[in-house]
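Each chain, written out:
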Amino acid sequence: MFIKDSVNEVKKRESALKFINDFISNNKKENSGFGNENIQLYDLTGLAGGFLANSEDLSLLETYVGPAVFENRLEPLAKEHLGGEKVLALNRTSSGLLASILALVSGGDHVVHFLAELPSHPSIPRSLKLINNTSYSEFDNIDKFCDEGICNNTSLIIVTGSTMDHKVLSEKDFEKIVHLRNEKEFATGKKIPILVDDASGARLRIAVYNQKRAIDYGANLAITSTDKLMQGPRGGLMAGDGDLINIVKSKAHQFGLEAQAPTIMAIVNALKVYNSKAILEGIEKKDNLAKLLSKNFDNFEKTPTGIMINENGLKAEINSKINKEIVSNSSNSDISDSDYCFLFSMILLKKEGIITIPSVSMPGVSNTIRFDLASKDALNLDLNTLNNKIIRAFDELLLLYGNNNEIKRILFDNFK
Ligand SMILES: *Cc1c(COP(=O)(O)O)cnc(C)c1O
């Protein structure tokens, strides 16, 4: 296994970022940045974000003036987006989850997490590990959650609105969880807040599934990632009950987790221009791309706004295409199925200019290769071209099969 721990993951990320930087430096004339019409690098992660600002905004970015102005502008826009009584901007969604867990959970407590499909975002279990003597359970089966989810010492219920792979929570399940929580609160007289990790869900659930905002179902806190399916900076935006936001905010300030003025400014501008049109166009395109891909592949799946192939799918695809003699001749115990996901993502980047999450991601996140057609860069990429890029990248992967030295070089260094 080549990518087996956080250090290796950071190393492959550095290799990918170095490639992107070299690419941008070498193509300066055509590349005034992502989103430019002439780019040949396409960010299809769905996390491309953006940093919208005008010169008046920039002149206000001072340490105290900045937050004074932009927090005030943020409040009404964020309440409209997420609901709630009070809002808080954070460095990342992970920062907001950490601040909430530090604020609402103590030693001896139990925390339960429900999501449409495991695994959860790693920041949730990792944050909980920082508090001694807590217990944590996660469920993706609602009946099991109803039977075993909430215990007498449960102090926080976390619900993920849409997973890293865009598996979306059903409205029915969400309502059951809120109902169960209400019953437990009534029986014990103890408050059990519901925190919704709505990183992409705050837009996906609403634009695509016609659901309501998490707060409208009875959640007490909701947090979203401001670079997912909207043109914002990497950041976290939280809203909810005033008393809870107050204590989470105080924790955030103690540990430096709160967003600084430039991020708040860019979140404000992203919320101003947000509309669900790009997301809805992505849905239309994905059916066409799925059809094109099905001529060569069997294991790509549709996501709400694009297509994806996960670890098992990629393995099945490789096994069905690879020459069996090569398989038996190569000593392949060193390389894992997960490594092939990172490799495919890295070939897509370094050979085809397509950025997908596994090549550039932070440690611990999903290794699924997702092509998000609601991405801004997808507007400039014709579906036949994308189909061909995916075919060529997969052929390259087959060529590299068994050549572990070369695979290592592509994961951690650069192509010659
Ligand atoms: C992206 C994501 C996060 C983390 O967001 P960051 O901004 O990277 O911290 C947390 N939970 C889910 C479900 C996500 O998709």
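Up top is the structure these notes are about.
The model shown is predicted, which means the values in this text are computed figures rather than measured ones. (Residues numbered from 1 in each chain as written. Predicted model: local features only at pLDDT ≥ 70, side-chain atom pairs only at ≥ 80, totals over all residues. Heavy atoms only, no water.)

**Digging into the overall build of the protein chain**
A count of helices and strands for the protein chain gives 18 helices and twelve strands. Against the 2.2 N^0.38 benchmark of 22 Å for 416 residues, the protein chain shows a C-alpha radius of gyration of 22 Å, consistent with a compact globule. Projected onto its principal axes, the C-alpha coordinates of the protein chain cover approximately 65 × 55 × 40 Å. Within the protein chain, counting contacts between residues at least 6 apart in sequence, those at least 24 apart form 76% of the total. (Helix = DSSP H or I, 4+ residues; strand = E, 2+ residues; numbered from the N terminus. Rg over C-alpha atoms; globule rule 2.2 N^0.38 Å. Contact = heavy atoms within 4.5 Å.)

**Details of the site of the ligand**
Close contacts around the ligand come from R92, T93, S94, H121, T160, S162, M164, D197, A199, S225, K228 and R234, and that covers them all. Residue S225 places a side-chain N or O atom 3.3 Å away from an oxygen atom belonging to the ligand. With the chains in place, 95% of the 380 Å² that the ligand exposes on its own is no longer accessible. (Near = heavy atom within 4 Å. Polar contact = N/O pair within 3.5 Å; in protein donor to acceptor, adjacent residues only side chain to side chain. Areas by Shrake-Rupley, 256 points an atom, 1.4 Å probe, with all protein chains shown as cover.)

**Section: the nonpolar core**
In terms of nonpolar packing, the biggest core is built from 51 residues, with F344, F371 and I390 touching the most fellow members. Every residue in contact with F344, bar those within four places of it in the chain, is listed here: F300, I309, L314, I369, I390, A393, F394 and L397. (Core = buried A, V, L, I, M, F, W, Y, C linked by side-chain atoms within 4.5 Å. Buried < 20%, exposed > 50% of the residue type's maximum accessible area, 1.4 Å probe, protein only.)

**Observations concerning the sheet that holds strand β6 (residues 194-197)**
Backbone-to-backbone hydrogen bonds pair the strands of a sheet. The strands run either parallel or antiparallel. Pairing is mixed in the open sheet, where seven strands are placed in the order β2-β8-β7-β6-β5-β3-β4. In the strand order of this sheet, the two ends are held by β2 (86-90) and β4 (135-139), each with one partner. Ignoring which end each strand starts from, the neighbouring axes of this sheet average 20° apart. Judged from the three bridges that link them, β6 and strand β7 (residues 221-225) form a sheet pairing that is parallel. Each residue of the ladder has a partner; that of L195, found in β7, is L221. (Pairing = 2+ DSSP bridges. Axes fitted to C-alpha atoms, helices over the stretch in contact; angles between N-to-C directions.)

**Structural notes on the sheet that holds strand β10 (residues 306-309)**
Taken together, three strands build an open sheet; the order of strands is β9-β10-β12 and the sheet is antiparallel. Only two strands of the sheet have a single partner each, and these edge strands are β9 (301-303) and β12 (369-372). Strand after strand, the sheet turns through a mean of 30° between neighbouring axes, direction not considered. Two strands pair when backbone bridges link them, and β9 and β10 are joined in this way by three bridges, in the antiparallel orientation. Along β10, the bridge assignment pairs K302 with I307.

**What about the side chain of S361?**
On the secondary structure map, S361 appears in the loop between α16 (357-360) and β12. A relative accessible area of 5% places S361 in the buried class. Once residues within four sequence positions are removed from consideration, S361 is found in contact with E9, K12 and R13.

**Some points on helix α13 (residues 311-321)**
Among all positions of α13, only G313, L314, E317 and I318 are buried. What you see down the axis of α13 is that its buried residues fit within an arc of 135°, all on one side. Opposite the buried face of α13, at more than 90 degrees from it, the exposed residues are N312 and S320. Of the surrounding secondary structure, the elements contacted by the buried residues of α13 are β10, α15 (337-352), β12 and α17 (383-400). Taking the backbone nitrogen of N312 as reference, a side-chain oxygen 3.2 Å away marks N310 as the first, capping residue of α13. (Arc of directions from axis to C-beta.)

**Re the pattern of salt bridges**
One pass over the structure, following the stated rule, counts 18 salt bridges. For the salt bridge of K315 with D337, the shortest nitrogen-to-oxygen distance reads 3.3 Å. One end of the pair, K315, is in helix α13; the other, D337, is in helix α15, with 22 residues separating them in the sequence. Among the residues examined, K315 registers a relative accessible area of 39% and is labelled partly exposed. (Salt bridge = Lys/Arg side-chain N within 4 Å of Asp/Glu carboxyl O.)

**Observations concerning the packing of helix α4 (residues 93-104) against helix α10 (residues 242-255)**
Interhelical geometry of α4 versus α10 gives an angle of 110° and a closest axis separation of 8 Å. Looking at the two axes, α4 sits roughly perpendicular to α10. The two elements α4 and α10 meet at a crossing, and its hand is right-handed. Where α4 approaches α10, its residues A99, S100, L102, A103 and L104 are matched on the opposing element by L244, I247, V248, K251, A252 and F255. Considering only residue class, the contact of α4 with α10 consists of nine nonpolar, one polar and one charged. (Parallel < 35°, antiparallel > 145°, perpendicular 65-115°, else oblique. Left-handed = near helix turned anticlockwise from the far one by under 90°. Nonpolar A, V, L, I, M, F, W, Y, C, P; charged D, E, K, R; others polar.)

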